[in-house]
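Here's the letter readout for the chains.
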Protein chains: 2
Amino acid sequence: MLSTEPYWDAERETLDPKQRERVILERIQHQLAYGYDKLPFYRRLYDAHGFKPDHVRTLDDFTTKVPVVTKKMLVADQELHPPFGSYAGDVPDEQVTRIHGSSGTSGTPTFYRVSKRDWDRAAELGAMSFFAAGVRPDDICQIGFPFSLFFGGWGVLQGLERIGATCFPLGALESERQIELMHRLGSSFFSATVSYCQHLVTVAERVGVDLSEGPVKRLVIGAEAGASILASKRRLSDGWGADVHDAASTSEMYPFMTNIEIVPGEGMTVFNDEVFTEIVDRNDPNVPVPYGTTGAVVYTHLWRESQPMIRFWPGDASMMVDDPGTSGRTYPRLPQGILGRLDDMLVVRGVNVYPTAIEAGLREAEGIGAEYQIVVSRPGDMDELLLRAEISHELARELATLSEAARAERLQELKANAEERIRRRAQLRVPVELLEPGTMPETVFKAKRVVDLRQEAVVA
Amino acid sequence: MLSTEPYWDAERETLDPKQRERVILERIQHQLAYGYDKLPFYRRLYDAHGFKPDHVRTLDDFTTKVPVVTKKMLVADQELHPPFGSYAGDVPDEQVTRIHGSSGTSGTPTFYRVSKRDWDRAAELGAMSFFAAGVRPDDICQIGFPFSLFFGGWGVLQGLERIGATCFPLGALESERQIELMHRLGSSFFSATVSYCQHLVTVAERVGVDLSEGPVKRLVIGAEAGASILASKRRLSDGWGADVHDAASTSEMYPFMTNIEIVPGEGMTVFNDEVFTEIVDRNDPNVPVPYGTTGAVVYTHLWRESQPMIRFWPGDASMMVDDPGTSGRTYPRLPQGILGRLDDMLVVRGVNVYPTAIEAGLREAEGIGAEYQIVVSRPGDMDELLLRAEISHELARELATLSEAARAERLQELKANAEERIRRRAQLRVPVELLEPGTMPETVFKAKRVVDLRQEAVVA
């Protein structure tokens, strides 16, 4: 480890990008040859496309010539070659250290297999990533991701452990208890999903605790799109009195801490010498899009030997810039983080809109609580949206002191304000319906924000 | 690491006990001096008893002169010196790697603080212990302990990781899913509480899966008294088609894998060069009892720097023998494991009886399911027991084919058989009431087997 403050590995993190690109290309060529020679899954895929590893002589070749891998292909391959697929990796069983799996909530689960070498490398990457976000050995790090089949929390834990921070891995514990123990132990750091962090603010408010007066000084939030939305982050940052850092990848791409927001507000830095990350045309994965243009994300493991992903297509939308920002690292960035799932893109009255853009507007509006839903319906020929949002506990208390007429007036004013904020952010007029706090189910893991009634309409 | 099959650390595990005793005494003297010089909790305790570390020149001095520490004392000290007590250890915060806590279900929770050095040492001890019980790098190890505040599962995981086995830490996942994934991934090893392992047999039976035909070949069961009861183990062993190894200690005594059953049926080997273990008079912790006599357990950390326990009194009953058994290790053993909590001892018609002795009888009886309860009441001047036990699903199916008269007769016969088995084991006549399967709440973590109605009787 070459570590000079403020870097975990100064040489690696500040390398000239041109030099880094040479390493990346070399590793890509290595992984392509490994996949083709040793992993039947890739051999079949590449043969079907008439692709050979030696076709790749430049990074541009890689983007334009190599077919992508989708989640569906992995599920199908694991069904044919259980349990880990024919991309399991050229690793004997006794060198495998971990098994995890996807929750399977969105279909058939897939299983992950990690070799000891890959595991150790991931710990090092995790340490580099959390260290960049400001975690130090004297931090007390409370982790609110569940520790079970789902991979997320385990990767967070191992990075923090490697730094030498004090780890307090609570997992999926009851919310009030999370808050109580946080104060009792003096946790200086907290990590969980975006929606769970938002939820804890609501719970704290309900039990009369002000999180912004609490010990947590830093949040790393992940596993959902939208963490980089500035207004959402400002809300979280205010609610917790803490710096908020976005992190987002996907279980297939373990070590998933390769995308981390180092300077809050600048979006995620991409450690692309660990997982090479491309942004391509959402309709053609072999067409790159220029820096600064929104497209589809494609990820490649440069070092993994167990279940390496070569051009994995997670179905996420993002935008990359060349400018490394002010962190001192020389990597590219995703300044708006992950924008959402490609499938989540809504087309309303001819306008493309991601739910995250609507959230961005909502989070700027006054008097709004943590929970909201975007309802998509098709009453006639065209999609229509309705945004249902809870008001905050604070606003509810204020309203209770008003006369009925004054209350109605105040609500009308807030509704108009929210609609205007959304219109500015999303370039779309979306009617807003305000609800009492506690009306919607509370989110404790990942939020379900979009309710799609269009299918139902077709059936009826 | 000095490792020659079948030992993880052959030199350590086969050392001459006389030589080992010298190391133990030296470490005890070290820990006493450390406690007295650096940890206010011990300084106050020892001063109050007029004890000085240099009073201990032999192991016998240690037992007869050093006061014990109880859970109540730790709770009180943590209240006065939050959060970790004045026995937290002479370890700066940046060297602390983990925080865990007790569940607090039986009162105020206590918090555990582990230094990096202690953590690494515990991984090594865990590896030695699981290796002795037969775990090897090619095993797939599914862990069914929860991963949260509770310490248990984390210690299991780290020992298995150190061996280099494949870890599949599922934690508190739904039971049917545990069984499904076990078969899908081919888990060769499973670890959870005794009652959860029993519960899974019942669940498997209900969903039509025969666990004994499944991939699991070895169970390490722990965190509850009674795992060493031969009849219970035979049931588990038959139900799972697996070797069953008992392991039992307490969170205060992390690394808790110091008690492990190496040869099934021989009881637990005590790695007393890590945690020195004494059996003393249940009414006087400074009076040793001879090998082969039941008494109270007292534990001492020989190596821990963070929160070291010196003569900790967990309130458990056990019996130790000098004879190391057939495992090749030269350590003493607890041939019947942990017999139960000292508080659990029942006095019925002048006879002392541990609930585990009653369970031992019950587990030998025919047609009995996993769940049972011992109800203690005091209808008059004396305590009375009633044992309520579910019949097995298999028996229920058999009974369904019989006429009413034949069914009644069969049940009467099984009831008499169970009562006779218990009488032989516990030297006590206990009436048995048989219940339909599924009548009692299913046990998924630790079982509550004794229902005490005596307090209620006094109030009424």
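Being a predicted model, the structure only gives us computed values, none of them experimental. (Residues numbered from 1 in each chain as written. Chains lettered and ligands numbered in written order. Predicted model: local features only at pLDDT ≥ 70, side-chain atom pairs only at ≥ 80, totals over all residues. Heavy atoms only, no water.)

This part covers the packing of aromatic side chains. Each aromatic ring pair is described using two quantities: the centre-to-centre distance and the angle formed by the ring planes. Applying the stated criterion across every chain yields a total of 33 aromatic pairs over all chains. Between Phe147 of chain A and Trp154 of chain B, the ring centres sit 5.2 Å apart and the planes meet at 75°, which makes this aromatic pair edge-to-face. Within this pair, whereas Phe147 of chain A is found in the loop between β4 (140-143) and α7 (152-163), its partner Trp154 of chain B is found in helix α7 (residues 152-163), the two belonging to separate chains. Considered together, Phe147 of chain A and Trp154 of chain B belong to a single accessibility category, that of buried residues. Aromatic side chains Phe130 of chain B and Phe189 of chain B sit 5.9 Å apart centroid to centroid with 85° between the ring planes, which places their arrangement in the edge-to-face category. Highlighted residues: Phe130 of chain B in helix α6 (residues 116-132) and Phe189 of chain B in strand β6 (residues 189-193), separated in sequence by 59 residues. For Phe189 of chain B, a relative accessible area of 0% gives the class buried. Taken together, the aromatic side chains of Phe41, Tyr42, Tyr46, Phe51 and Tyr87 of chain A make up a single cluster linked through ring pairs. One cation-aromatic arrangement involves Arg98 of chain B over Trp154 of chain B; the distance from NZ or CZ to the ring centre is 4.6 Å. (Phe/Tyr/Trp six-rings, centres within 6.5 Å; stacked < 30°, edge-to-face > 60°. Helix = DSSP H or I, 4+ residues; strand = E, 2+ residues; numbered from the N terminus. Buried < 20%, exposed > 50% of the residue type's maximum accessible area, 1.4 Å probe, protein only. Lys NZ or Arg CZ within 6 Å of the ring centre and 35° of its normal.)

So, on to the side chain of Glu305 of chain B. All names here are of chain B. Looking at the secondary structure, you find Glu305 in the loop between β13 (294-301) and β14 (312-313). The buried category is assigned to Glu305, whose relative accessible area is 15%. Beyond its immediate sequence surroundings of up to four residues, Glu305 is in contact with Tyr34, Gly89, Asp90, Val91, Ser115, Arg117 and Asp118. (Contact = heavy atoms within 4.5 Å.)

The next thing to look at is the sheet that holds strand β23 (residues 450-452) of chain B. Backbone-to-backbone hydrogen bonds pair the strands of a sheet. The strands run either parallel or antiparallel. All names here are of chain B. Taken together, the four strands give an open sheet; going across it, the order is β22-β21-β20-β23, and neighbouring strands pair in mixed fashion. Taken across any chain shown, the strands that pair with only one partner, and hence form the sheet edges, are β22 (432-435) and β23. If you compare each strand with its neighbour and ignore which way they point, the axes differ by 25° on average. One ladder, built from seven bridges, connects strand β20 (residues 368-377) with strand β21 (residues 384-391); its direction is antiparallel. From the neighbouring strand, Val376 faces β21, where its bridge partner is Leu385. (Pairing = 2+ DSSP bridges. Axes fitted to C-alpha atoms, helices over the stretch in contact; angles between N-to-C directions.)

Moving on, we get to the interface of chain A and chain B. Each partner contributes to the interface: chain A provides 36 residues, whereas chain B provides 36 residues. Broken down residue by residue, the surface that chain A buries against chain B is led by Ile99, Arg184 and Leu185 of chain A, which jointly contribute 17%. In this assembly, chain A and chain B are joined by two salt bridges. Across the pair Arg98 of chain A and Glu161 of chain B runs a salt bridge whose closest N-O atoms are separated by 3.0 Å. Connecting chain A to chain B are 10 residue pairs in polar contact (both at pLDDT 80 or more). Within the residue set of the side of chain A that touches chain B, elements represented by two or more residues are β2 (96-101), α7, β5 (166-169) and α8 (175-185) of chain A. (Buried area = accessible area lost by both parts, 1.4 Å probe. Salt bridge = Lys/Arg side-chain N within 4 Å of Asp/Glu carboxyl O. Polar contact = N/O pair within 3.5 Å; in protein donor to acceptor, adjacent residues only side chain to side chain.)

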